Amino acid sequence: MSFVDLNQEAMVVHKENNGKLATIGKAKLTDAHDLAILYTPGVAEPCRAIEKEEDLSFELTMRGNCVAVISDGTRVLGLGNIGAAAAMPVMEGKSILYKTFGDIDSVPVCLDTQDKDEFIKTVKILQKNYAGINLEDIQSPKCYDIEDALKAELDIPVFHDDQHGTAIICAAAVLGALRYVKKDIGEVKVVLSGAGAAGTAICRLLLDLGVKNMIMLNSKGAMYEGMDMSRVNRVQAELLKRTNPDKIKGDLAECAKGADVLLGVSSAGLFTPEIIKSMNKDAIVFAMANPVPETSYQAAKEAGAAVAGTGRSDAPNQVNNVSVFPGIFRGALDVRARAINEEMKQAAARAVASIISDEELRDDYVVPPVFDERVAPAVAAAVAQAAMDTGVARIKVDPEVIRQRTLERIRKNHANAAKVLE
């Protein structure tokens, strides 16, 4: 199916349904008694209880299972700065993914401001409605400042999925691919094309997972500590202290020579056959530019890559953050986490990578597909355990209970959705 066909069908679906979301009540409302329980006078009792103990809002209202997907519309997909109203279809779509893959109620919130401080203040005012905040489609480097400020001031998880969701699924794919080619993460050379929000998050997570030799490139070439700082933001500057230890300069073609892993979150068509052929034996290539990757799966394989993957659903080894964020928040919500920290992100990456057994690993199957129902439960259990281990969980829950309960919730939600659509 062509992009034109998909675009036309998308317009039809959105128009016929007046968007993609609706409100459905959880309790029956059929008579005066139900009304008295759900609204006045009965509703006053949970209000009084929450006034005395605010954390009861996680139990007595929808808050405990609700994540806000919040954007200012400044960097939406590959469309750029299209504004709050135009960003709404994406945020609605993200909310559907939360429900489908994590049984999490999600509310799209598009803020009609491009002022960083106003954005931060607004989210702080809204926080009592939600158990978590998913920041989405905010331009870099503003996204770093917004996330850092909200993480410091809010008592609920704040997660910029464009950064960390992408980083987690990319890291999981790399872990699986390295296991397939039998290379140690501490001994490989990794080259990363793209130093924006996603690229810097990928870089940090892979370093935390054990990569020691990493070169990060922006549109001008290799980045290194001591380079012209007018081209470097504060997040990149911190990473340059841990990357490119030999201060290698040059373009992608030079840096990729002898590399074991080549990652792209940059521009279409950058990974030429010549670049891939110059890499080390059993090369790993993940091209994640969207919607057109740095190389196609087929072209990367034809150029000699042992393992290849893209962000596309029409080729093997899809690297898609849909596999990550529902499970991340499912685990965080189930233990009422106050934050999503680095240990939780690492646990999520390892959980996704561990789903495929050594016996199942193939060159075209190193990362599980989006619709593998094992993914969200595994991520939720691992994230919950990490939250408890690091002291950011409000309550303790057996991770295996979370794993099983998540699977049951997802299956039940799928069944209910099918009935509604009938």
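Just above, that's the structure.
Residues numbered from 1 in each chain as written. Predicted model: local features only at pLDDT ≥ 70, side-chain atom pairs only at ≥ 80, totals over all residues. Heavy atoms only, no water.

Q: Before we move on, can you summarise helix H6 (residues 116–126) with the specific residues and values?
A: Turning to H6, its buried residues are Phe119, Ile120 and Val123. For H6, the angular spread of the buried residues around the axis is 95 degrees, confining them to a single face. Along H6, exposed side chains directed more than 90 degrees from the buried face belong to Asp117, Lys121 and Ile125. Tucked into the core, H6 has its buried residues touching strand S1 (66–71), strand S3 (132–135) and helix H7 (142–153). N-capping of H6 is provided by Asp115, with a side-chain oxygen placed 3.2 Å from the backbone N of Asp117. (Buried < 20%, exposed > 50% of the residue type's maximum accessible area, 1.4 Å probe, protein only. Helix = DSSP H or I, 4+ residues; strand = E, 2+ residues; numbered from the N terminus. Arc of directions from axis to C-beta. Contact = heavy atoms within 4.5 Å. Polar contact = N/O pair within 3.5 Å; in protein donor to acceptor, adjacent residues only side chain to side chain.)

Q: Any details on the side chain of Gln163? Residues and values, ideally.
A: Note that Gln163 resides in helix H8 (residues 161–181). At a separation of 2.7 Å, a polar atom in the side chain of Gln163 contacts the side chain of His160. Filtering out sequence-adjacent residues up to four positions away, Gln163 remains in contact with Cys143, Tyr144, Glu147, Ala197, Ala198 and Ala201.

Q: Quick one: what's the story with the packing of H6 against H7, residue by residue and with numbers?
A: Running from amino to carboxyl end, H6 crosses H7 at an angle of 30 degrees, the nearest separation of the two axes being 10 Å. The crossing of H6 and H7 is right-handed. Between H6 and H7, the residues in contact are Lys116, Phe119, Ile120, Val123 and Lys124 and Lys142, Asp145, Ile146, Ala149, Leu150 and Glu153, respectively. (Axes fitted to C-alpha atoms, helices over the stretch in contact; angles between N-to-C directions. Left-handed = near helix turned anticlockwise from the far one by under 90°.)

Q: Let's hear about the sheet that holds S1: which residues, and what values?
A: Working definition: the strands of a sheet are paired by backbone hydrogen bonds and lie parallel or antiparallel to each other. Pairing is parallel across the open sheet formed by four strands, whose spatial order is S2-S1-S3-S4. For this open sheet the edge positions go to strand S2 (105–110) and strand S4 (158–160), each flanked by a neighbour on one side alone. Across the sheet, the mean angle from the axis of one strand to that of its neighbour is 25 degrees, orientation sign disregarded. Pairing of S1 with S3, which is carried by four bridges, proceeds in the parallel orientation. (Pairing = 2+ DSSP bridges.)

Q: So what about the layout of surface pockets? Which residues, and what values?
A: If you add up the space inside the second largest pocket, you get close to 2000 Å³. Taken together, 48 residues line the second largest pocket, and the ones lying closest to its centre are Ala22, Ile24, Lys26, Lys99 and Asp105. Sorting the residues of the lining of the second largest pocket by element identifies helix H2 (32–38), helix H3 (44–52), helix H4 (57–60), helix H5 (84–102), S2, helix H14 (325–334) and helix H17 (399–421) as the ones contributing at least two each. Here the element with the most residues in the lining of the second largest pocket is H17; it accounts for nine residues. (1 Å grid on protein atoms, 1.4 Å probe; cavity = no way out; pocket = protein on both sides within 12 Å on 5 of 7 lines; lining within 4 Å. Points joined across faces, edges and corners; volume = space filled by probe spheres on them.)

Q: Account for the packing of aromatic side chains, with residues named and values stated.
A: Considering all chains together, one arrives at four aromatic pairs under this definition. Considering the side-chain rings of Tyr98 and Phe329, the 5.8 Å spacing of their centres and the 75 degrees angle between planes classify their relative orientation as edge-to-face. With Tyr98 in helix H5 and Phe329 in helix H14, this pair connects stretches of sequence that are 231 residues apart. Each of the two residues, Tyr98 as well as Phe329, counts as buried. (Phe/Tyr/Trp six-rings, centres within 6.5 Å; stacked < 30°, edge-to-face > 60°.)

Q: So, the nonpolar core: which residues are in play, and what are the values?
A: What tends to happen in soluble globular proteins is that the nonpolar side chains get buried as a cluster. Counting residues in each nonpolar core, the largest one holds 109 residues, and the members touching the most others are Ile133, Leu263, Phe286 and Ile328. Considering each element in turn, this core owes the most residues, eleven residues, to H8. In this structure, Leu263 is in contact with Cys170, Val174, Val190, Val191, Leu192, Ser193, Ile202, Leu206, Phe271, Phe286 and Met288, ignoring residues within four places of it in sequence. Formed by 21 residues, the second largest nonpolar core is a distinct cluster that contains Ile215, Cys255, Ala300 and Ala305. (Core = buried A, V, L, I, M, F, W, Y, C linked by side-chain atoms within 4.5 Å.)

Q: Tell me about H7, and please be specific about residues and values.
A: Between the first and last C-alpha of H7 there are 17 Å, a value that for twelve residues agrees with the 16 Å anticipated at 1.5 Å per step. Among the residues of H7, those classed as buried are Lys142, Cys143, Tyr144, Ile146, Glu147, Ala149 and Leu150. Close packing links the buried residues of H7 with H6, S3, S4, H8, helix H9 (197–208) and helix H10 (234–240). (Expected span 1.5 Å × (residues − 1).)

Q: Got a sec to walk through unusual backbone geometry? Specific residues and values, please.
A: The peptide bond linking Thr40 to Pro41 adopts the cis configuration, its omega dihedral lying at 5 degrees. Examined against the element boundaries, Pro41 turns out to sit in the loop between H2 and H3. Here the bond from Ser140 into Pro141 is cis, since omega is 10 degrees, no more than 30 degrees from zero. Mapped onto the fold, Pro141 is located in the loop between S3 and H7. The backbone phi angle of Asp103 is positive, close to 50 degrees, even though this residue is not glycine. For Asn317, which is not glycine, the phi dihedral falls at a positive 55 degrees. Counting through the fold element by element, Asn317 comes out in the loop between strand S10 (307–310) and H14. Assessed through its relative accessible area of 4%, Asn317 is described here as buried.

Q: Give a detailed account of a negative patch on the surface, specifying residues and quantitative values.
A: Taken together, Asp112, Asp115, Asp117 and Glu118 make up a surface patch of like negative charges. Tracing the backbone shows Glu118 in helix H6. For Glu118, a relative accessible area of 44% puts it in the partly exposed group. (Patch = residues over 30% accessible without salt bridge, like charges linked within 9 Å, V, L, I, M, F, W, Y side chains within 5 Å. Areas by Shrake-Rupley, 256 points an atom, 1.4 Å probe, with all protein chains shown as cover. Salt bridge = Lys/Arg side-chain N within 4 Å of Asp/Glu carboxyl O. Lys, Arg positive; Asp, Glu negative; His and termini not counted. Charge placed at Lys NZ, Arg CZ, Asp CG, Glu CD.)

Q: Hey, could you go over the pattern of salt bridges for me, with residue numbers and the actual values?
A: Scanning the model with the defined rule gives 32 salt bridges in all. Its salt-bridge partner being Asp34, residue Lys28 comes within 2.9 Å of it at the nearest N-O pair. Note on Lys28: relative accessible area 56%, which makes it exposed. Residue classification places Asp34 among the buried residues on the basis of a relative accessible area of 7%. In this structure, Asp334 engages Arg405 in a salt bridge whose closest nitrogen and oxygen atoms are separated by 3.8 Å. With a gap of 71 residues between them, Asp334 in helix H14 and Arg405 in helix H17 connect regions that are remote in the sequence.

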